Amino acid sequence: MKNNRLIVFILVCLAITTQAQQSISGTFSPADDYKWLIVYQLRPGSQAYIADTAITGGSFKLTMPQNAQKGTYRLVYAVPQEEFYFDFIYNGEEAIELSFNMDDGVSFITSRENQLFNEYFKKIHDIEQEIMGFFTTGKTDEDLFLGLVAQLKDTQKVYGEKSIGTMAHHFIMANSPYIPSGFEAIEVYLERKKESYFKALDFKNPVLQASGFLTDKIINYVFTALPLAQLSKEKIEDGIQKNLIEVDGHLKGLDTDFKMHLYYNLWSQTALKSFNANSDFIYHTYLGPLLRETDNKDIINEIERHNRLRFGEVAPELLWKNATDETIKLSALSGFKHYVLVFWSSSCSHCLNELPKFHEKIKEDTTLKVIAVGLEDDTAGWKTVADTLTNFTHAISLGKWESAYAKLYAIEETPSYFVLDRDKKIIAKPNDYKEVLSFLESNQL
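Report on the accompanying structure. In this text the structure is predicted, and so the values were computed from the model without any measurement.

**Quick notes on the overall build of the chain**
And then number 1: Along the chain, the regular secondary structure elements total 15 helices and 15 strands.
And then number 2: Taken over C-alpha atoms, the radius of gyration comes to 28 Å for the chain, far larger than the 22 Å a tight globule of 445 residues would show.
And then number 3: Seen through its C-alpha atoms, the chain measures out along the principal axes to roughly 95 × 70 × 45 Å.
And then number 4: In the chain, which comprises 445 residues, the proportion classed as buried is 43%.
And then number 5: Across the chain, contacts joining residues at least 24 apart in sequence account for 60% of those joining residues at least 6 apart.
And then number 6: Carbon and sulfur atoms form 52% of the exposed surface of the chain, whose accessible area is close to 24,000 Å².
And then number 7: Both charge centroids of the chain, one from 46 positive and one from 60 negative side chains, sit 3 Å from each other.

**Side note on the environment of asparagine 114**
And then number 1: Within the secondary structure layout, asparagine 114 lies in helix 2 (residues 112–136).
And then number 2: Among the residues examined, asparagine 114 registers a relative accessible area of 2% and is labelled buried.
And then number 3: Sequence spacing of asparagine 114 and phenylalanine 88 is 26 residues, and the spatial spacing of their C-alpha atoms is 6.5 Å.
And then number 4: In contact with asparagine 114, not counting residues within four places along its chain, are Phe88, Ile89, Ile96 and Phe108.
And then number 5: Of the polar contacts made by the side chain of asparagine 114, one reaches the backbone nitrogen of isoleucine 89; its length is 2.7 Å.
And then number 6: At 2.8 Å, the side chain of asparagine 114 forms a polar contact with the side chain of serine 111.

**Details of the nonpolar core**
And then number 1: Of all hydrophobic cores here, the largest spans 58 residues; its most connected members are Ile218, Leu266 and Leu287.
And then number 2: Contact partners of leucine 266, with chain neighbours within four places excluded, come to Ile218, Ile219, Val222, Phe223, Leu244 and Ile282.
And then number 3: Formed by 23 residues, the second largest nonpolar core is a distinct cluster that contains Ile55, Tyr77, Val106 and Phe108.

**With respect to the pattern of salt bridges**
And then number 1: Counted under the stated rule, the structure contains 13 salt bridges.
And then number 2: Taking the shortest distance from any N to any O, the salt bridge between aspartate 87 and arginine 74 comes out at 2.7 Å. Taken together, the positions of aspartate 87 in strand 6 (residues 85–90) and arginine 74 in strand 5 (residues 71–76) put the pair 13 residues apart, joining distant regions of the chain.
And then number 3: For arginine 74, a relative accessible area of 15% translates into the label buried.
And then number 4: A single network of salt bridges, built from pairs that share partners, joins Asp280, Arg310 and Glu313.

**Focus: the sheet that holds strand 5**
Whenever strands of a sheet pair, they do so through backbone hydrogen bonds, lying parallel or antiparallel.
And then number 1: Overall, antiparallel pairing links the four strands, which are arranged 3-2-5-6 in an open sheet. Looking along the sheet, the strands with just one partner apiece sit at the ends: strand 3 (46–54) and strand 6. The mean angle between the axes of side-by-side strands here comes to 30°, regardless of whether they run parallel or antiparallel.
And then number 2: Where strand 5 and strand 6 come together, six bridges link them in antiparallel fashion. By the bridge assignment, tyrosine 73 is partnered in strand 6 with phenylalanine 88.

**Things to note about the sheet that holds strand 11 (residues 338–344)**
And then number 1: Judged by pairing direction, the sheet is mixed, and its five strands sit side by side in the order 13-12-11-14-15 without closing on themselves. Each edge of the sheet is formed by a strand with only one pairing partner; in this case those strands are strand 13 (393–398) and strand 15 (426–428). The average angle at which neighbouring strand axes cross in this sheet is 30°, direction not considered.
And then number 2: Sheet topology places strand 12 (residues 368–376) next to strand 13; six bridges connect them, and they run parallel. Bridging across to strand 13, isoleucine 371 finds its partner in threonine 393.
And then number 3: Across the sheet, helix 12 (residues 349–362) touches strand 11, strand 12 and strand 14 (416–420), and the angle it forms with strand 11 is around 160°.

**Regarding the side chain of lysine 259**
And then number 1: Residue position: lysine 259 is located in helix 9 (residues 256–272).
And then number 2: Buried lysine 259, no salt bridge; nearest opposite-charge side chain is aspartate 248, N-O distance 6.0 Å.
And then number 3: Dropping the residues within four chain positions of it, lysine 259 is found in contact with Leu251, Leu254 and Leu290.

**Things to note about the environment of alanine 150**
And then number 1: Its place among the elements puts alanine 150 in helix 3 (residues 142–162).
And then number 2: Taking the relative accessible area as the measure of exposure, alanine 150 reaches 37% and is therefore partly exposed.

**Looking at helix 11 (residues 297–309)**
And then number 1: A rise of 1.5 Å per residue sets the reference length of helix 11, with its 13 residues, at 18 Å; its end C-alpha atoms lie 18 Å apart and thus fit the reference within 8%.
And then number 2: Among all positions of helix 11, only Ile299, Ile300, Ile303, Asn307 and Leu309 are buried.
And then number 3: Against the buried residues of helix 11 lie helix 9, helix 10 (276–293), helix 14 (404–408), strand 14 and strand 15.

**Thoughts on helix 9**
And then number 1: Taking 1.5 Å of rise per residue, 17 residues should cover 24 Å, and helix 9 covers 24 Å from first to last C-alpha, within 8% of that figure.
And then number 2: Listed as buried for helix 9 are Phe258, Lys259, Met260, Leu262, Tyr263, Leu266, Trp267, Thr270 and Ala271.
And then number 3: Taken together, the buried residues of helix 9 touch helix 6 (206–209), helix 7 (213–224), helix 8 (233–250), helix 10 and helix 11.
And then number 4: Put simply, aspartate 255 is the residue that caps the front of helix 9, since its side-chain oxygen is 3.0 Å from the backbone nitrogen of aspartate 257.
And then number 5: Following helix 9 by one or two positions, serine 274 adopts a phi angle in the positive range, close to 60°.

Reading the values: rules and limits
- Residues numbered from 1 in each chain as written.
- Predicted model: local features only at pLDDT ≥ 70, side-chain atom pairs only at ≥ 80, totals over all residues.
- Heavy atoms only, no water.
- Helix = DSSP H or I, 4+ residues; strand = E, 2+ residues; numbered from the N terminus.
- Rg over C-alpha atoms; globule rule 2.2 N^0.38 Å.
- Buried < 20%, exposed > 50% of the residue type's maximum accessible area, 1.4 Å probe, protein only.
- Contact = heavy atoms within 4.5 Å.
- Areas by Shrake-Rupley, 256 points an atom, 1.4 Å probe, with all protein chains shown as cover.
- Lys, Arg positive; Asp, Glu negative; His and termini not counted.
- Charge placed at Lys NZ, Arg CZ, Asp CG, Glu CD.
- Polar contact = N/O pair within 3.5 Å; in protein donor to acceptor, adjacent residues only side chain to side chain.
- Core = buried A, V, L, I, M, F, W, Y, C linked by side-chain atoms within 4.5 Å.
- Salt bridge = Lys/Arg side-chain N within 4 Å of Asp/Glu carboxyl O.
- Pairing = 2+ DSSP bridges.
- Axes fitted to C-alpha atoms, helices over the stretch in contact; angles between N-to-C directions.
- Expected span 1.5 Å × (residues − 1).

Fair warning: the whole summary comes from geometry, so function is off the table for now.
Given below as C-alpha cells:
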C-alpha cells in the first residue's frame, strides 16, 4: 500500500514538473533573414541568459528550463542586441506561440498573458492618439471628445477586470491613463496628464522592476512631457532636466542596480540626441555616483570616452616629432579652416587604398591640414608609406590597437577619420575619405 502511494506521489510530481516546463515556438519572416535567437530573463537592472536556439526555415521551438521563473523575458533575434529584441511574459503555465516580422512586430498566436498585454496597450495607444488628433486637427465637438474619453475609461476598466489573476494585470493597472472628467482644452489636458503620469505606478513592484516597463515609461515621460510650443534646443534641455528631477523624486529607496540601469538608459538617450547638457547632468548628478558606488569602471570609461569624442568637444591632444625632432602639439597648430585626423596602419589594405586617393584630392587645399596617425608595431613599414604622402603631417603611435592614441580616440578600425574646425573642435566623424571630402565641400562657407 505504501509503495502504491509512493508511485502516485511521484506521478503527481512528474505531472506538475511537466506542466511547469513550457515551450516557446513560432515563425520569423522573411525566413532567410533570421538564423538564431537568445532568451534572457529580465531582472531589476540586469538580465540573465536562459536559453538559445536556431531558427530553421523561419521556424523555431524552444523548451524553457524547468527552473525558469515567472516574469518578463527578452527574445533577441539579431545584433546589436539592444536594438533587435522584443519582450514577453512567461508564467510557466502556458505554451507560447508567436509570429514576427519587421513591419508588424510580434503577434502572439497563443498565450493569454501576452495577448491581453498587447491588445490592451494597442487599444489604449490608439484611443489616446485619437484624442491628440482631436486637438491637433482643431476640432471643438465636445460630445466627440467625451465619447473618446468614455472609450478610454471603458477600455481600462474592461482589461483591468479581464486580466485579474494574470501577470499582465500588473502592467495594465500601472498604465492607467489620465481620464478627464469633462471637456478640456489641449493645454489643460496635457498638463493634467503630466501631473497624473505616475499616480498608478508602484515603483517598488518587483514585477514592474523586472521588466522594461518602468524604464520605458520613465524615458517616455522625460522626453515627451514638455511644453506644447516650439522650443529651442536649450529650452528642450531645460524641460528635460526638470523632468529628470521629477523622476528622481520617485526613485528614492529603490535598488541601486535598478536605478543605475535606468539612469544609464537615460544617459544613453540624451547622448544619442546630443543633448549634452542633459547627459552631463545625468552623469554628474545621478549616474556617476551610482557607478562609483558599485565600482562599474566599464561604464565610467565608456562615458568618459564618449564625452571626450562627442561633437563640439576639443579633440584630445596629439603630440609628434617633426623633421628637426621638435615636439609639435595638435592644440598649437593654427592658420587652417579645418583639420582632419586620420588613424591608419601600414598593414591595413583599406588604408593603403584610401590614403593615396585622399592625399591626391586635398593636395591643393591650403585651408586644410591633415594629420595622419599611424597605429603601428614598428616604424619600418610606417615610414615607407608615410614618405609617399608628403602633403600629410605624420605622427606614429606604437602598440597598434593598444597604443595610447588608439585608446584615447577609441579607434576600432582603420582608417578612421575625425574632422575638426579651426578651434580643433570635433565636427564630423566620416566613414571614409569620400565622406570627408563631401563634408568639407558642404562646409566651404
